[in-house]
Amino acid sequence: MQAVTEVIGNAIPLNRADVDTDQIMPKQFLKRIERSGFGPYTFFDWKKDPDFVTNNPAYAGAPILIAQQNFGCGSSREHAPWGLEDMGIRAIIAPSYADIFRNNCAKIGLLTIQLPQEDVNFLMGRAEELPGGKLSVDLASQTVSVLGTEWQRHFEIDAFTKNCLLNGLDDIGLTMQYDDEIETYEGKRSQLLPSTAAF
Amino acid sequence: MSPQTLSEKIWEQHLVRTAPDQPDLLYIDMHLVHEVTSAQAFESLRLAGRKVRRPDLTMSTVDHNIPTLNRDQPNPDPLSSQQIDTLRDNCKEFGIPLFDMFDPRQGIVHVIGPEQGITQPGMTIVCGDSHTSTHGAFGALAFGIGTSEVEHVLATQSILQSRPKTMSVEVTGTLGVGVTAKDVILAIIAKIGVDGAIGHVIEYRGDVIRALSMEGRMTVCNMSIEAGARAGMVAPDETTFEYMKGRPQAPKGADWDTAVEAWRKLPTDPGAKFDTEIVLDGSAIEPHVTWGTTPAQSVPISSMVPNPENAVSDSAKETAERALVYMDLKAGTPIQQINIDRVFLGSCTNARIEDLRAASKIVLGKKVASTVSAMVVPGSGLVKRQAEEEGLDKIFVDAGFEWRDAGCSMCLGMNPDILLPGERCASTSNRNFEGRQGAGGRTHLVSPEMAAAAAIAGHFVDVRELVGKGN
Ligand code: SF4
C-alpha cells in the first residue's frame with residue numbers, strides 16, 4: 001500500500017445519501033481479474049446523465065470526494081474503492097460510511113473522513129459553488145481545512161489505521177509476525193470443527 | 001464473569017491476539033471463496049510469494065456469474081468464463097476444494113455452507129461477499145469482507161477487526177398466516193433504516209425468531225447488511241441442531257453430543273447488555289413490498305406508494321423522490337395496482353427448498369399471467385435435485401415458470417439473466433438498488449409466496465387472501 005500523508009485539491013460534491021457500491025461500480029465491470037483500470041467505469045450509469053457531477057470538467061482530477069450518509073453501502077466489492085482510487089480520489093468526506101466499504105478503503109490507502117452532518121453540508125455547498133476551491137486533508141494532524149480560510153475541523157481515526165496509512169504498511173506482513181500466536185491458537189482449537197479437506 | 005452476548009462469546013473464543021490501540025486479531029474457522037472477489041487476492045499472494053495457510057478451512061464455488069442455462073455449451077461471455085477459469089486455476093494451485101460448475105453440490109456460496117454442514121454454531125466465518133451474514137442464522141459470527149481482507153485471511157487464517165457494537169432486535173408475538181421471514185426482515189429494515197445498524201452485530205431474538213425454521217432465520221440474517229449491520233445472528237437451539245444433524249460435515253456419533261453440549265452454552269446470558277435494543281411487534285407485520293431503490297423503502301401490501309412529502313427529513317424526501325422517478329411510480333398508487341413484467345424466484349435470501357415449497361403451493365394448478373415472464377433459480381444443485389424429487393419443478397413448469405440451474409442469476413445479473421431497461425420485477429432477492437438486476441430495471445423485493453402470487457395475477461396481490469382460502 002502507498003503511504004498517505006496529505007491530500008490537497010478541489011472536491012467533487014456528490015450530494016446523495018445511501019450511495020451503494022452497485023452505483024459506484026456496476027456489476028458488469030466486476031468480471032475483470034485485474035486490480036487496476038476501474039476508474040473509467042466508476043459511476044458508469046449515473047455518468048450517462050450529462051448533468052452528473054463528475055461530468056463537469058471543473059471537477060476533473062479532483063482528489064477529494066464529498067458524499068452524504070451511509071456512503072458505500074451494499075456489496076463488499078473492493079472494486080468500488082479501486083474505481084474511486086483509479087479515477088484519482090485520495091480522500092472521501094462524508095457523515096457516515098458502510099462498515100465494509102470503509103475497511104476496504106483503509107486497505108488500499110484511500111482516506112475516509114467522517115465529519116458531522118453540518119460540516120459536510122458546508123463543504124458540499126462550497127464545492128458546488130466554487131468547483132476549484134481547494135481543501136487540505138492532513139492525516140498526521142487529523143485535520144481538514146479549507147485553503148485560504150480559517151475553516152478547519154479535526155477528524156477521528158483509529159491509531160492502527162492511521163499508522164498503517166502514514167507508513168504504507170502491509171497488514172498481512174504485520175500479522176505474519178504473529179505467526180507463533182496463530183499457531184498456538186490452532187493448537188487449542190476444537191478438533192470437532194468442520195474441514196473441507198474431504199471435498 | 002459478567003454476562004455476555006452470543007457475539008461477544010464467539011469473539012472472545014476466537015481471539016488470537018489483542019493489544020491496546022490495535023484491532024483484535026481473530027481466528028477464522030471457515031473462509032468461503034467465489035469467483036468475483038478472489039482473483040486479485042490470489043494474484044497478490046502469488047506476487048508476494050505467500051501460501052494459503054489453511055486450504056482445509058477454505059471452500060470455494062462458482063455462483064455469481066455462471067449461466068443458469070446450457071452450461072454444457074461454451075460460456076457466451078468470455079469475461080465471465082475467464083473469471084471462472086481463474087478461480088479453478090487458483091484453487092488448483094493453492095489446494096482449495098472447489099464445487100465447480102458441474103458438481104451437483106455447486107450453488108450460491110451462502111446456500112452450500114449450511115447445506116454441507118460447514119456452517120456451525122459458534123464459528124467465525126468470512127467470505128468476500130456482504131451476504132455472509134446469512135450464516136449467522138446458526139449462531140455463527142459471519143461477516144463479509146473485501147478482497148484485501150480475503151487475501152489476509154488466505155495468508156494468515158485470521159483477520160484484524162475492531163470490536164463491533166451489539167444490537168438486540170426482538171420480534172415478539174406470532175406471525176400471521178401468509179407472513180414470512182422475508183416480511184419480518186423488510187419490516188425491521190423499514191423501521192431502523194439502511195444505516196440503522198452500522199457498526200453493530202444484530203442478534204435477532206423473540207418468539208417470532210424462535211418459531212422460524214432455519215431457512216427463515218437464514219432469510220432474516222441474510223439481509224442484516226441491508227440495515228448496515230456487520231453481521232446478524234440467531235442463537236442456536238433445537239431447530240438448529242435438528243437441521244444440522246447428519247449433514248456431511250456435522251460431527252458424528254459421540255462427537256455430535258459433545259458439540260451440541262458446547263453449542264448450548266453459546267446463547268446470550270440472562271442480564272447481558274446490548275448497546276442498542278429494538279423491539280418489534282411481530283403480530284402486526286403484514287406482507288411487505290419495496291417501492292423504492294433501497295431495501296428500507298418498503299410498505300405493507302395493503303397500503304400505497306408513500307408520498308415523499310411525508311418523509312422524515314429533507315434528505316429522505318429527496319431520496320424518495322429520486323426513487324419514485326427511477327421506479328416510475330406515483331405517490332398514492334395502491335401497491336396491489338402495480339403491474340409486473342418479470343418474476344425472479346431465487347438468490348441466497350430465498351432459494352432454499354422451503355422457499356420453493358412455499359411458492360409452489362401458491363402456484364399449484366395455476367398459470368403465470370400472459371404479461372409476465374417468470375423463473376425459478378434454485379440456490380444450489382442439491383436444492384434443485386430435492387425439488388425435482390418432490391415434483392416442485394413440474395408445478396412451476398406447468399404454470400409457465402422457467403426452471404434453471406443454480407447460481408446467483410438475476411439477483412445481480414452478472415450472467416445473462418437480466419432485466420431489460422424499464423422492466424418491473426417481483427424478486428425474492430435482497431437488493432432493489434438502481435440497475436441491480438439490469439441497467440434501468442425496476443426491482444420490488446418480496447417473499448417467495450408474494451412473488452409467486454404476483455406471477456399468477458400479473459400484479460402484486462395480498463397473498464394472505466390466497467392462503468386464507470386454503471390454497
Ligand atoms: S444471490 Fe445475490 S446477494 Fe446472494 S451471493 Fe449471489 S449475488 Fe450476492
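Scroll up to find the structure this text is about.
Residues numbered from 1 in each chain as written. Chains lettered and ligands numbered in written order. Predicted model: local features only at pLDDT ≥ 70, side-chain atom pairs only at ≥ 80, totals over all residues. Heavy atoms only, no water.

Undergrad: Looking at this structure, how should I read the overall build of chain A?
TA: Counting secondary structure elements, chain A contains seven helices and seven strands. When the elements of chain A are put in sequence order from the N terminus, they spell out β-α-β-α-β-α-β-α-β-β-β-α-α-α. In terms of principal-axis extent, the alpha carbons of chain A reach across some 60 × 40 × 25 Å. Residues counted as buried form 57% of the 199 residues belonging to chain A. Residue pairs in contact within chain A that sit at least 24 positions apart in sequence constitute 67% of those at least 6 positions apart. (Helix = DSSP H or I, 4+ residues; strand = E, 2+ residues; numbered from the N terminus. Buried < 20%, exposed > 50% of the residue type's maximum accessible area, 1.4 Å probe, protein only. Contact = heavy atoms within 4.5 Å.)

Undergrad: Even after reading the chapter, I still don't get the overall build of chain B, so can you show me in this structure?
TA: On a plain count of helices and strands, chain B comes out with 16 helices and 19 strands. Seen through its principal axes, chain B has C-alpha atoms that stretch 55 × 55 × 45 Å. The buried share among the 471 residues of chain B stands at 65%. In chain B, of all internal contacts separated by at least 6 residues, the share reaching a separation of at least 24 is 76%. Of the roughly 15,800 Å² of accessible surface on chain B, 51% is carried by carbon and sulfur atoms. Separation between the mean location of the 44 positive side-chain charges and that of the 59 negative ones in chain B comes to 2 Å. (Areas by Shrake-Rupley, 256 points an atom, 1.4 Å probe, with all protein chains shown as cover. Lys, Arg positive; Asp, Glu negative; His and termini not counted. Charge placed at Lys NZ, Arg CZ, Asp CG, Glu CD.)

Undergrad: Explain the site of the ligand here, please?
TA: Taken together, His64, Ile108, His110, Asp129, His131, Ser347, Cys348, Cys408, Cys411, Leu412, Asn430 and Arg436 of chain B make up the full set of residues adjacent to the ligand. Partitioning the shell around the ligand into residue classes produces five nonpolar, five polar and two charged. (Near = heavy atom within 4 Å. Nonpolar A, V, L, I, M, F, W, Y, C, P; charged D, E, K, R; others polar.)

Undergrad: Would you mind showing me how to read the packing of aromatic side chains here?
TA: The relation between two aromatic rings is expressed through the spacing of the ring centres and the mutual angle of the planes. This structure, assessed with the given rule, holds 16 aromatic pairs over all chains. Residues Phe396 of chain B and Trp403 of chain B carry aromatic rings whose centres are separated by 6.0 Å and whose planes lie at 15° to one another, so their mutual orientation is stacked. With a relative accessible area of 0%, Phe396 of chain B lands in the buried category. On the basis of relative accessible area, Trp403 of chain B is assigned to the buried category, the value being 15%. The rings of Phe29, Tyr41 and Phe44 of chain A are connected pair by pair, giving a single aromatic cluster. We note Arg32 of chain A situated over the ring of Phe38 of chain A; from NZ or CZ to the ring centre the distance is 4.7 Å. The ring of Tyr178 of chain A is capped by Arg17 of chain B, whose NZ or CZ atom sits 3.7 Å from the centre of that ring. (Phe/Tyr/Trp six-rings, centres within 6.5 Å; stacked < 30°, edge-to-face > 60°. Lys NZ or Arg CZ within 6 Å of the ring centre and 35° of its normal.)

Undergrad: Quick question: what am I supposed to make of the sheet that holds strand E7 (residues 141–144) of chain B here?
TA: For sheets, the rule is that strands pair by backbone hydrogen bonds, running either parallel or antiparallel. Strand order in the open sheet formed by five strands is E5-E4-E3-E6-E7 (chain B), and the pairing between neighbours is parallel. Both outer strands of the open sheet, strand E5 (98–99) and E7 of chain B, are each paired with one neighbouring strand and no more. (Pairing = 2+ DSSP bridges.)

Undergrad: Mind showing me how you'd approach the packing of helix H2 (residues 79–86) of chain A against helix H3 (residues 99–108) of chain A here?
TA: Helix packing geometry: the angle between the two helix axes and the distance between the axes. Residue and element names in this part refer to chain A. The N-to-C vectors of H2 and H3 enclose an angle of 50°; their axes lie 9 Å apart at closest approach. With respect to their mutual orientation, H2 and H3 come out oblique. The interaxial crossing formed by H2 with H3 has right-handed handedness. Between H2 and H3, the residues in contact are Ala80, Pro81, Trp82, Leu84 and Glu85 and Phe101, Asn104, Cys105 and Ile108, respectively. Considered class by class, the residues forming the contact of H2 with H3 number seven nonpolar, one polar and one charged. (Axes fitted to C-alpha atoms, helices over the stretch in contact; angles between N-to-C directions. Parallel < 35°, antiparallel > 145°, perpendicular 65-115°, else oblique. Left-handed = near helix turned anticlockwise from the far one by under 90°.)

Undergrad: Explanation requested: the nonpolar core in the structure shown.
TA: Nonpolar side chains tend toward joint burial in soluble globular proteins. Ranked by size, the top nonpolar core spans 83 residues in total, and within it Phe71, Leu84, Ile92 and Phe101 of chain A together with Phe396, Phe401 and Phe460 of chain B carry the most contacts. With 76 residues, the next largest nonpolar core counts Ile172 of chain A together with Val184, Ile185 and Trp256 of chain B among its residues. (Core = buried A, V, L, I, M, F, W, Y, C linked by side-chain atoms within 4.5 Å.)

Undergrad: Honestly, helix H10 (residues 253–263) of chain B in this entry has me stumped. Any pointers?
TA: Count 3.6 residues to each turn of an α-helix, and residues three or four apart come out pointing the same way. All names here are of chain B. Buried within H10 are the following residues: Trp256, Ala259, Val260 and Trp263. In a view along the axis of H10, the buried residues occupy a sector of 100°, so they form one face of it. Seen from the buried face of H10, the exposed residues on the opposite side, beyond 90 degrees, are Ala254, Asp257 and Glu261. Buried residues along H10 sit against helix H9 (238–244). (Arc of directions from axis to C-beta.)

Undergrad: Hey, could you run me through the interface of chain A and chain B in this one?
TA: A common measure of how large an interface is: the accessible area buried when the components associate. On the chain B side, the residues contacting the 58 residues of chain A number 85 residues. Where Arg189 of chain A meets Asp29 of chain B, a salt bridge forms, and the shortest distance between an N and an O atom there is 2.8 Å. Joining chain A to chain B, the criterion identifies 37 residue pairs in polar contact (both at pLDDT 80 or more). Every element with two or more residues in the side of chain A that touches chain B is listed here: helix H1 (21–24), H2, H3, helix H5 (159–167), helix H6 (171–176) and helix H7 (179–188) of chain A. Taken together, the residues of the side of chain A that touches chain B break down into 23 nonpolar, 14 polar and 21 charged. (Salt bridge = Lys/Arg side-chain N within 4 Å of Asp/Glu carboxyl O. Polar contact = N/O pair within 3.5 Å; in protein donor to acceptor, adjacent residues only side chain to side chain.)

Undergrad: Could you clarify how one ought to interpret the side chain of Lys162 of chain A in this entry?
TA: Residue and element names in this part refer to chain A. Topologically, Lys162 is positioned in helix H5. With no salt bridge to any partner, buried Lys162 finds its closest opposite charge in Asp138, at an N-O distance of 7.7 Å. In this structure Lys162 touches Leu139, Ala140, Gln142 and Ile157, once residues within four positions along its chain are discounted.

Undergrad: Is there a simple way to explain the pairing of strand E6 (residues 124–127) of chain B in this structure?
TA: Regular strands show a simple pattern: their side chains alternate between the two faces of the sheet. Residues and elements named next belong to chain B. Across the two faces of E6 the burial is the same, with Thr124 and Val126 and Ile125 and Cys127 all buried. Bridge count for strand E3 (residues 30–33) against E6 is three bridges, and the pairing is parallel. Note that in E6 the partner of Leu32 across the bridge is Cys127. With four bridges joining them, E6 and E7 adopt parallel strand pairing. Its bridge partner lying in E7, Thr124 is registered against Leu141.

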